[in-house]
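Chain residues, written in single-letter form:
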Amino acid sequence: MTRLHHHQVARTRLLSAIVLAALAVAGAAAQQQRPRIPPTGTIKKVRDNLYVIPGAGGNTTVFVTDGGVVLVDTKLPNNGEAIMNQVRTVTDKPVSTIINTHSHPDHIGSNEYFPASVEVIAQENTRKWMAANPRVASNAAAMPDRTFADRMTLGSGDDRIELYYFGAGHTSGDAFIVFPAHRVMAAGDLFAWKMSPLIDPLAGGSVLALPGTLEKAEKGIPNVDTVIEGHGDVNTWDGFRDYVRFNRALVDAATAGAGKKTAEEIAAELRPKFPVFTKEELLTDMEYGGTPLSRAVINVNIAFQELGKR
Ligand SMILES: [Zn+2]
């Protein structure tokens, strides 16, 4: 082995260790903060028949259609009743459909609360990751009944829903859920907390693929002006576009700076242009620990690691 090659291998190993340590810290923070995860919150109107329920994991989008209530994501386990208590404040219609944006437990956790007659829909890779989890796979009511590869249309007219898949990012199964008549999109964890997304390599996630996936969504999804983030706030399409630019800039800077600059230096250089996504303060109600800046540093380190494997 040449010295240079040896150095590369050592560097890759070191970076793997850094990324694992960073994820372990984030995991430990999540453990410590678990009692402080806010419970299922109060339902908020986004449009006349479209709402979001915050808290207890990922946001739950509630879409009241002629054929019943469509839920996008079901929070952590044991929140089914709390979700329904909120839904009952706006409609008496039964839940007909659950759409899962991706396979993480804070988005699919309460699928099992709903009767097996409720249709569960997810992107095909998301079904694969759910099937790989024995706790989820052993419960038929929790598992997707229908999947799609790139596109799926549900309903028609004002009730129409468009599901889109553009590639890997947070996982390899993240779907965008669009309500075209209402110009609203639920983005799942490809856009959450206005900060660099967590990358889950064990579910096919990739930080190098992320900007391309987001750019395809920006180009391929028409006529949206309101974006419901996977966690946290409701944002605008312009806010989403800025976030796409930020993730592209982060990966480009990591690619150009690999072996020359530290992840901290690269993240710091992104701050003047992208202050919203690189704040140094902890955000209110953020469940998983870390500031936006620290999450940017983690994603630069993950980019270094993925570049080393290419
Ligand atoms: Zn997630």
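Above: the structure in question.
Residues numbered from 1 in each chain as written. Predicted model: local features only at pLDDT ≥ 70, side-chain atom pairs only at ≥ 80, totals over all residues. Heavy atoms only, no water.

Student: Looking at this structure, how should I read the layout of surface pockets?
Tutor: Any empty space left between atoms is shown by rolling a water-sized probe over those atoms. By volume, the second largest pocket is sized at about 400 Å³. The wall of the second largest pocket is formed by 21 residues, among which Trp 193, Gly 232, Asp 233, Thr 284 and Asp 285 lie closest to the centre. Partitioned by chemical class, the residues of the lining of the second largest pocket number 7 nonpolar, 7 polar and 7 charged. (1 Å grid on protein atoms, 1.4 Å probe; cavity = no way out; pocket = protein on both sides within 12 Å on 5 of 7 lines; lining within 4 Å. Points joined across faces, edges and corners; volume = space filled by probe spheres on them. Nonpolar A, V, L, I, M, F, W, Y, C, P; charged D, E, K, R; others polar.)

Student: Would you mind showing me how to read the pairing of strand S5 (residues 95–99) here?
Tutor: Two faces, one strand: in a regular strand the side chains alternate between the faces of the sheet. Of all 5 residues in S5, 4 are buried; the element is thus mostly enclosed. Pairing of strand S4 (residues 68–72) with S5 involves 4 bridges; the strand directions are parallel. Bridge pairing in S5 places Val 69 opposite Val 95. Handedness of the S4-helix H2 (residues 80–87)-S5 crossover: right-handed. With 3 bridges connecting them, S5 and strand S6 (residues 119–123) associate as parallel partners. (Buried < 20%, exposed > 50% of the residue type's maximum accessible area, 1.4 Å probe, protein only. Helix = DSSP H or I, 4+ residues; strand = E, 2+ residues; numbered from the N terminus. Pairing = 2+ DSSP bridges. Right-handed = clockwise from strand over helix to strand, strands pointing away.)

Student: Got a minute to help me understand helix H7 (residues 237–257) in this structure?
Tutor: Since there are 3.6 residues in each turn of an α-helix, residues three or four apart along the chain are aligned in direction. With 21 residues, H7 extends 30 Å from end C-alpha to end C-alpha; this agrees with the ideal 30 Å at 1.5 Å per step. Every buried residue of H7 is accounted for by Trp 237, Gly 239, Phe 240, Tyr 243, Val 244, Phe 246, Asn 247, Ala 249, Leu 250, Val 251, Ala 254 and Gly 257. Looking one or two residues past H7, Gly 259 carries a phi angle of roughly 85°, positive in sign. (Expected span 1.5 Å × (residues − 1).)

Student: Help me understand the nonpolar core, please; the structure alone is not making it clear to me.
Tutor: A general trend in soluble globular proteins is that nonpolar side chains are found buried together. Grouped together as the largest cluster of nonpolar side chains are 41 residues, with contacts concentrated most on Phe 176, Met 185, Leu 214, Ile 221, Val 227 and Phe 240. Counting only elements with at least two residues in this core, the list comes to strand S10 (175–179), helix H6 (210–220), H7, helix H8 (263–270) and helix H9 (292–309). When neighbours within four sequence positions are excluded, Phe 240 is seen to be in contact with Phe 176, Met 185, Phe 191, Leu 214, Ala 217, Glu 218 and Val 227. (Core = buried A, V, L, I, M, F, W, Y, C linked by side-chain atoms within 4.5 Å. Contact = heavy atoms within 4.5 Å.)

Student: Mind showing me how you'd approach the packing of H8 against H9 here?
Tutor: The description of two packed helices rests on the angle between their axes and on the distance between the axes. Here H8 crosses H9 at 125°, and the two axes come no closer than 9 Å. Judged on the interaxial angle alone, H9 and H8 are oblique. Both H8 and H9 take part in a crossing whose hand is right-handed. Between H8 and H9, the contacting residues are Ala 263, Glu 264, Ile 266 and Ala 267 on the first element and Leu 293, Ala 296, Val 297, Val 300, Asn 301 and Phe 304 on the second. (Axes fitted to C-alpha atoms, helices over the stretch in contact; angles between N-to-C directions. Parallel < 35°, antiparallel > 145°, perpendicular 65-115°, else oblique. Left-handed = near helix turned anticlockwise from the far one by under 90°.)

Student: For this particular structure, what's the right way to read the environment of Ala 254?
Tutor: Counting through the fold element by element, Ala 254 comes out in helix H7. Residue Ala 254 is classed as buried on the basis of its relative accessible area of 0%. Expressed as a C-alpha distance, the spacing of Ala 254 and Ile 266, which sit 12 residues apart in the sequence, is 6.8 Å. The residues contacting Ala 254, other than those within four sequence positions of it, are Ile 266, Val 300, Ala 303, Phe 304 and Leu 307.

Student: Hey, could you run me through the coordination of the zinc ion in this one?
Tutor: The reference angle at a metal is 109.5 degrees if four donors form a tetrahedron and 90 or 180 degrees if six donors form an octahedron. Distances from the zinc ion to its protein donors, His 102 (NE2), His 104 (ND1), His 170 (NE2) and Asp 189 (OD), fall within 2.2 to 2.4 Å. Between the 4 donor atoms coordinating the zinc ion, the angles at the centre fall across 83 to 169°, so the site counts as irregular. Along the chain, the residues that donate to the zinc ion are spaced as H-x1-H-x65-H-x18-D. Of the two residues, His 104 is situated in the loop between S5 and helix H3 (105–108) and Asp 189 in the loop between strand S11 (184–186) and H6; the sequence distance between them amounts to 85 residues. (Donors = N, O, S within 2.8 Å, 3.2 Å for Na, K, Ca; no water. Tetrahedral: all angles 85-135°; square planar, octahedral: opposite > 155°, others 65-115°.)

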